[in-house]
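Okay, here's what each chain looks like letter by letter:
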Amino acid sequence: TAANSTPARFVFVTSEAAKARLLPLMSEGNRAKTAAAPVTLIVGMDLDFPETLPTLFPHAPGAKAWFADPAARRETAFRNSSLQGGYVLLAARALGLDVGPMSGFDAAGVKAEFFAGTAIEPNFIVNLGYGSDENLYPRSPRLAFEEAAEIV
Ligand SMILES: Cc1cc2nc3c(=O)[nH]c(=O)nc-3n(C[C@H](O)[C@H](O)[C@H](O)COP(=O)(O)O)c2cc1C
């Protein structure tokens, strides 16, 4: 991550009680699968990540100041926590798990319920478990290389 900032913060929702707090905040189409998943991971991003830079990036004592602008701070937190969350998807799959990433949830509600009193905001949410073959449809089409990329 940029400047080793590692802004992602993770909440592994496993208990019945925590699931009950999360389920009403999931969009309707995401609720049943979130209820069924043994673990649901909330990938958050800490907008106060510059506070950790003296520890994480000690060779650049001025690093905190690079992110003084709130827009730069938010963009860095979002970009790098998204990468970290993506790596979690790859790591989980490498372990043989199935993953279900989701954007469909009430972000303000998840913020209030799981990150109150902090500068952490939810980025995306991931169901983790071993999928059954029920309700699966074939992998969706992908763009051809030429449609998505150019070599210049
Ligand atoms: C950040 C992100 C958010 C997503 N949000 C949802 C969601 O809210 N609900 C859902 O059912 N799938 C969601 N998906 C799953 C995608 O629709 C799915 O990964 C994509 O269509 C590719 O699926 P395939 O590889 O099985 O074809 C999301 C995926 C990502 C990476």
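Our structure's up above, just so we're on the same page.
Residues numbered from 1 in each chain as written. Predicted model: local features only at pLDDT ≥ 70, side-chain atom pairs only at ≥ 80, totals over all residues. Heavy atoms only, no water.

Q: Sorry if this is basic, but what is going on with helix α5 (residues 107–114) here?
A: For the α-helix, the turn length of 3.6 residues means that residues three or four positions removed from each other point alike. Every buried residue of α5 is accounted for by G109, V110 and F114. Angular distribution of buried residues about the axis of α5 spans 100°; they occupy a single face of the element. The exposed residues of α5 that point more than 90 degrees off its buried face are A108 and A112. Against β1 (8–13), α1 (16–22), β2 (39–46) and β4 (120–129) lie the buried residues of α5. (Buried < 20%, exposed > 50% of the residue type's maximum accessible area, 1.4 Å probe, protein only. Helix = DSSP H or I, 4+ residues; strand = E, 2+ residues; numbered from the N terminus. Arc of directions from axis to C-beta. Contact = heavy atoms within 4.5 Å.)

Q: Sorry if this is basic, but what is going on with the pattern of salt bridges here?
A: A side chain of one charge can pair with a side chain of the opposite charge if their charged atoms are brought near each other. Counted under the stated rule, the structure contains 5 salt bridges. The residue K64 makes a salt bridge to E51 at a minimum N-O spacing of 3.1 Å. One end of the pair, K64, is in the loop between α3 (53–56) and α4 (70–94); the other, E51, is in the loop between β2 and α3, and 13 residues separate them in sequence. In this structure, E121 engages R74 in a salt bridge whose closest nitrogen and oxygen atoms are separated by 2.9 Å. (Salt bridge = Lys/Arg side-chain N within 4 Å of Asp/Glu carboxyl O.)

So, to be careful, I would describe these as geometric facts and stop short of saying anything about function.
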